[in-house]
Amino acid sequence: MIKAIVTGHSRGLGAAVAAELLARAIPVLGLARHRVGVEGMEEVEIDLSDAGALAHWLSGHALASFLAGCDTALLVNNAGVVSPVGPLAEQEPAAALRAAVLNVGAPLALSAAFVRAAPQAERRILHISSGAGRSAYPGWSVYCATKAALDQHARAIALDGDPRVRACSLAPGVIDTDMQAEIRATPDARFPLRQRFVDLKEGGVLVAPEDCARTLVDYLTGARFGSEAVDDLRELR
Ligand SMILES: NC(=O)c1ccc[n+]([C@@H]2O[C@H](COP(=O)([O-])OP(=O)(O)OC[C@H]3O[C@@H](n4cnc5c(N)ncnc54)[C@H](OP(=O)(O)O)[C@@H]3O)[C@@H](O)[C@H]2O)c1
């Protein structure tokens, strides 16, 4: 039996991934600040940018209870923020810290807890990365740094060499979600490449979250998952 944990399941790509997993009869435990009340999904209301709250939750038995009895366990580290956006002088330090905890700290802690919670299972960890982890963008120093960290985490996990623990840090492409709306609404002074993202939206290039989720779940549940520690979903279609 397969079971999945998805962070940021309440909106955007995470909601579409959770729906796709449920449609394939894979039970989902979702972690986000808001519940959505989808039938068949277990939900935990948690702010993953709050390291203390996450440490407290991980000290309990919720992960192991949910994963009990599965022979394949999936973790999708999807929750993330692009903000704070802007050069350093414009960044609120506390916002940079929250982004680092949400985008990196939580995926790293969840990965370790997940592997320890299901020793009986084959465990697959999928980090949702970004092209911004591989190319630097002005205004996105926090976002670029956090996504690069996920890529390097997956590479190092592969070197640990446990054949029952596979990981991939995957750039999903440009998806039509709230995050893209937020990017388009950023003042040019903070994000000089803003117009490029407006053009992508107007050019109809953005991928629907549901389409992205279908390809992503095919890959996550397929035989070649993790054969590359760092990958791009656009090359897997
Ligand atoms: N959209 C794109 O084009 C694109 C491209 C490359 C990579 N990505 C990556 O894909 C992932 C999903 O992005 P998206 O576009 O779907 O973003 P989104 O529409 O903004 O959704 C973000 C999700 O993360 C959750 N989240 C945000 N802050 C949280 C917090 N403090 N604690 C717990 N959950 C939190 C949100 O739930 P709550 O608000 O309920 O907490 C929501 O479910 C992100 O890692 C992003 O970096 C997106």
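Here, every reference points to the structure presented above.
Residues numbered from 1 in each chain as written. Predicted model: local features only at pLDDT ≥ 70, side-chain atom pairs only at ≥ 80, totals over all residues. Heavy atoms only, no water.

**Q** Quick rundown of the pattern of salt bridges? Include the residues and the values.
**A** One pass over the full model with this rule turns up 12 salt bridges. Between Asp-218 and Arg-24 there is a salt bridge; the shortest N-O distance is 2.8 Å. With a gap of 194 residues between them, Asp-218 in helix H8 (residues 209–221) and Arg-24 in the loop between helix H1 (12–23) and strand S2 (28–32) connect regions that are remote in the sequence. Residue classification places Arg-24 among the partly exposed residues on the basis of a relative accessible area of 31%. Here Arg-214 ties to Asp-211 by a salt bridge, and the two come within 3.3 Å at their closest N and O atoms. Remark: Asp-211 and Arg-214 occur in helix H8; sequence separation between them is 3 residues, near one turn of the helix. (Salt bridge = Lys/Arg side-chain N within 4 Å of Asp/Glu carboxyl O. Helix = DSSP H or I, 4+ residues; strand = E, 2+ residues; numbered from the N terminus. Buried < 20%, exposed > 50% of the residue type's maximum accessible area, 1.4 Å probe, protein only.)

**Q** An account of the environment of Ser-227 is needed here, citing residue identities and associated values.
**A** In this structure, Ser-227 sits in the loop between H8 and strand S7 (230–232). In this structure Ser-227 comes out as exposed when scored by relative accessible area, which is 56%. Sequence separation between Ser-227 and Arg-166 is 61 residues, and the spatial gap between their C-alpha atoms is 8.3 Å. Within the local environment of Ser-227, its side chain forms a polar contact with the backbone oxygen of Arg-224, the two atoms lying 2.9 Å apart. (Polar contact = N/O pair within 3.5 Å; in protein donor to acceptor, adjacent residues only side chain to side chain.)

**Q** Lay out helix H4 (residues 93–117) with the relevant residues and their values.
**A** Given a rise of 1.5 Å per residue, 25 residues ought to cover 36 Å, and the 34 Å separating the end C-alpha atoms of H4 matches this to within 8%. Where H4 bends most, the angle comes to about 40°, and this point is Gly-105, followed within four residues by the proline Pro-107. (Expected span 1.5 Å × (residues − 1). Bend = angle between axes of the 7 residues up to and from the residue.)

**Q** Which residues make up the sheet that holds strand S3 (residues 41–45), and what values do they have?
**A** In space, the 7 strands of this open sheet follow the order S3-S2-S1-S4-S5-S6-S7, with parallel pairing throughout. Two strands bound the open sheet, and with one partner strand each, they are S3 and S7. With direction set aside, neighbouring strand axes in the sheet form an average angle of 20°. When strand S1 (residues 2–7) meets strand S4 (residues 72–77), the two strands line up parallel, connected through 5 bridges. What sits directly across from Ile-2, in S4, is Thr-72. On top of the sheet, H8 reaches S4, strand S5 (122–128), strand S6 (165–171) and S7; it is set at about 145° to S5, its chief contact. (Pairing = 2+ DSSP bridges. Axes fitted to C-alpha atoms, helices over the stretch in contact; angles between N-to-C directions. Contact = heavy atoms within 4.5 Å.)

**Q** Give a description of the site of the ligand that names residues and reports values.
**A** Surrounding the ligand, one finds 30 residues, the nearest of these being Ser-10, His-34, Asn-78, Tyr-143 and Thr-177. Here an oxygen atom of the ligand sits 2.7 Å away from a polar atom, N or O, in the side chain of His-34. In this structure, Tyr-143 approaches the ligand through a side-chain N or O atom, which is 2.6 Å from an oxygen atom. Relative to its unbound accessible area of 880 Å², the ligand is 96% covered by the protein chains. When residues of the shell around the ligand are assigned to their parent elements, the largest contribution, 3 residues, is made by helix H6 (residues 178–184). The class makeup of the residues in the shell around the ligand is 12 nonpolar, 13 polar and 5 charged. (Near = heavy atom within 4 Å. Areas by Shrake-Rupley, 256 points an atom, 1.4 Å probe, with all protein chains shown as cover. Nonpolar A, V, L, I, M, F, W, Y, C, P; charged D, E, K, R; others polar.)

Everything listed here is a matter of geometry and, on its own, says nothing about what the molecule does.
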